[in-house]
Amino acid sequence: MEGDRPESAVAIKGIERELICPACKELFTHPLILPCQHNVCHKCVKEILFAFEDSFADGGSESSNQSSPRIRISASSMDRIDRISRSGRKRNSLTPRSTLFPCPGCQRDIDLGERGINGLFRNFTLETIVERYRQAARAAIAIMCDFCKPPPQESTKSCMDCSASYCNECFKIHHPWGTLKAQHEYVGPTTNFRPKILMCPEHEMERVNMYCEICRRPVCHLCKLGGCHANHRVTTMSTAYKTLKEKLSKDIEYLISKESQVKAHITQLDLLLKETECNSERAKQEASQSFEKLYHVLEEKKSAALRAIETSKNIRLEKLQTQVEEYQGLLENNGLVGYAQEVLKETDPSCFVQTAKQLHVRIQKATESLKTFRPAAETTFEDFVVDIAKQEDILGDLSFHSNGLEIPEINEEQSRMYNQALISWECPGKTDSADIYVLEYHKLNREEENVTWQKTEVCGKSKVVSDLDDDSSYAFRVRGYKGSICSPWSREVILRTPPAPVFSFLFDDKCGYNNEHLQLNPRRTSVESRAGFPLLLGSERLQVGCYTTLDYIIGDTGIAKGKHFWAFRVEAYSYLVKVGVVPSNKIQKLFHSTPDVTSPRYEQDSGHDSGSEDAFFDSSQPCTLVTLGMKKFFIPTTPAALKDPASRILPLPSCLGICLDCDRGRVGFYDAGRMKCLYECEVDCSGIMYPAFALMGGAAVHLEEAATAKYREYNDDI
């Protein structure tokens, strides 16, 4: 083959980086292609798997991690091995299990399938390139003939069918003219012998003839017929070869055509490297000067403190030394006592009296001081203790500019999940010290061990995040940046998305809308029931024991199928509100129902407990509703449920949601702030379903508006 000629080896100079195994950090030897498209030596894969399996047997002990001096498993890879081994995966399971492999290239845990290492392809193309590189690196080292008697001769060709190298004479002997061996394919001297046909690792007797576009790997026809690629999109090998080669050729041609641009970028990067070096040295110098200033201030303070202590010490020592000398004078034949003893020897009364009077005064003072001994100076230096607690706190916060960059806090009251996520944050000091903020979020998944945060830059203090999965929890965090300085991450806040896609509608101002009792805002997103003069005038004809009717209003859009969610807020002052769904074939019955006014159960002599028949959901009712009011949420009772009123009454959430699943015939009522289901029941979804609301007395309902980039600019009309 032309590619194995020595002169072509010059073309592979400078690609050593692509030929190094990420595990052993050496040139690839029989590389295998992992599902993540990274390559690892066959031997390295086995050694990593051995270390992986040993971690299960030995409990992830340190000794089991050191399986081979050849392989260099990174600390992160060993952490993943230990973590997976502690997760409780059992060996010798009766059920088929897949093999997890910690890829040293992408640092992810790769599923090798049930066949494990036996299901991986050898990368013969990469193996050939490595062999060319080896030949170029050892051009002076010849490949010897495998069949010569000692001493062997230098080989001149290699047979790809025999997987051996020959000199001219041995090749003629082992490939005689006129035999089948004479038709073998031979190339220049090489040690890289690759099979002519690539066989399927799943079905070892079948050659690969198709390419799976989903898994991005060659497959055979059995893999497509009944294997794991049965439902995958595949193409012929020739089509995949042509398509991939054209794409790769175009990309390479594009890169080659941009060689001048690449060189310009390299030049620019070289300048940036030098500039980084210079700037770092300048920053070091400035930092050193700043700390030198602090050192100078501290040295001055230190010198002043030491001088004060030294002065106080000298004064105290002088006082104590004087006191010592005074007390030494009280000793016999010494000082004052010795002088007094000499005075007593005087025999002349006149002279004695003249001297003894003053001496007696001194002796009396010495006697008194002896009785009440007190040191002339304190020995402790408690007044000279330097209190540096405050300065220690200040110095502990000393850093590059970030001591003034506050940690932002996500405002959970202003943040919300609806059709999209609106995340708002603020700084505790109410100062906008950061130039830009970075918001990160990720979906909480117990099965996913390696968390991948999605990042977005924000100039303000709020961000609308879209494309989130329904019925999922997400963690959010934010940090501020000022130039190259960043604050620490804020506390993570977890929010949950609605259980179904958000259904958008407005209040219907035509179908059954009673404009005498209900009032809509111009955008038809809020409705209010006012207990004014119309209600008082209507109550004149009501007798004792009767109650007024509910005023109904529905949404202007119906639901025929699927699962949908919508949310709304009920004002805290609302006396009575009912919310739920109504089918299209019962809307007329809903608005024209009149038995409320003269219900006999409210007559004093009816013999019924007030409202007892209304305790359960009645199938004859035109719609499915739950009752809200007086800051409470009332869970309807069923014959099988507890009838204790206290267990049925919940605090009214600030935002309520309804999830209608037409396919399952279920409707659920949610605390939309926490996305927690409060109550769920069956509902007849045979017709088109409409959101339904009923109000009585003073009450108001506001539909939750969709979260958009300008959401916070809107003001409520009511």
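Remember, predicted model here, so these are calculated numbers, not experimental data. (Residues numbered from 1 in each chain as written. Predicted model: local features only at pLDDT ≥ 70, side-chain atom pairs only at ≥ 80, totals over all residues. Heavy atoms only, no water.)

### Things to note about the overall build of the protein
When helices and strands are tallied, the protein shows 14 helices and 33 strands. Across the 718 residues in the protein, those meeting the buried criterion constitute 34%. In the protein, the share of contacts with a sequence separation of at least 24, taken over all contacts with a separation of at least 6, comes to 61%. Of the roughly 45,400 Å² of accessible surface on the protein, 53% is carried by carbon and sulfur atoms. (Helix = DSSP H or I, 4+ residues; strand = E, 2+ residues; numbered from the N terminus. Buried < 20%, exposed > 50% of the residue type's maximum accessible area, 1.4 Å probe, protein only. Contact = heavy atoms within 4.5 Å. Areas by Shrake-Rupley, 256 points an atom, 1.4 Å probe, with all protein chains shown as cover.)

### Points about helix α9 (residues 335-344)
Turning to α9, its buried residues are Leu336, Gly338, Ala340 and Val343. Contacts made by the buried residues of α9 are with α10 (349-371).

### Points about the side chain of glutamate 704
When you line up the elements, glutamate 704 lands in the segment after β33 (699-703). Side-chain polar atoms of glutamate 704 contact the side chain of arginine 569, separated by 3.4 Å. (Polar contact = N/O pair within 3.5 Å; in protein donor to acceptor, adjacent residues only side chain to side chain.)

### Describing the sheet that holds strand β9 (residues 210-212)
Within a beta sheet, neighbouring strands are joined by backbone hydrogen bonds and run either parallel or antiparallel to one another. Spatially, 3 strands are ordered β10-β9-β11 in an open sheet, and the strand pairing comes out antiparallel. Edge positions in the open sheet fall to β10 (217-219) and β11 (234-236), since each of these has one partner strand only. On average, each strand axis in the sheet is tilted by 35° relative to the strand beside it, whichever way the strands run. Bridge count between β9 and β10: 3 bridges; the pairing is antiparallel. By the bridge assignment for β10, methionine 210 is matched with valine 219. The sheet strands contacting helix α7 (residues 237-257) are β9, β10 and β11, and the helix crosses β11 at an angle near 90°. (Pairing = 2+ DSSP bridges. Axes fitted to C-alpha atoms, helices over the stretch in contact; angles between N-to-C directions.)

### Section: the packing of aromatic side chains
This structure, assessed with the given rule, holds 13 aromatic pairs. A network of ring pairs unites the aromatic residues Phe147, Tyr166 and Phe171 as a single cluster. The side chain of lysine 157 reaches across the aromatic face of phenylalanine 171, ending 5.1 Å from its centre. One residue, arginine 316, lies across the ring of phenylalanine 381, its end atom 4.3 Å from the ring centre. (Phe/Tyr/Trp six-rings, centres within 6.5 Å; stacked < 30°, edge-to-face > 60°. Lys NZ or Arg CZ within 6 Å of the ring centre and 35° of its normal.)

### Comments concerning the nonpolar core
Counting residues in each nonpolar core, the largest one holds 45 residues, and the members touching the most others are Trp566, Phe568, Leu660 and Phe693. In terms of residue count, the dominant contributor to this core is strand β24 (residues 563-570) (5 residues). Leave out the neighbours within four places in its chain, and phenylalanine 693 touches Phe505, Phe507, Asp551, Tyr552, Ile553, Trp566, Phe568, Lys578, Val579, Val701 and Leu703. If you look at the next biggest cluster of nonpolar residues, it comprises 24 residues, including Leu27, Leu34, Cys36 and Ile48. (Core = buried A, V, L, I, M, F, W, Y, C linked by side-chain atoms within 4.5 Å.)

### Section: the confidence of the model for the protein
For the protein, the mean per-residue pLDDT works out to 77, and 77% of the residues sit at or above 70. Below a pLDDT of 50 lies the segment residues 59-70, which in the model reaches 20 contacts outside its immediate sequence neighbourhood of four places, other chains included. Across residues 709-718 the pLDDT falls below 50, and counting only partners more than four positions away or on other chains, this stretch makes 23 contacts in the model. (pLDDT = per-residue confidence, 0-100.)

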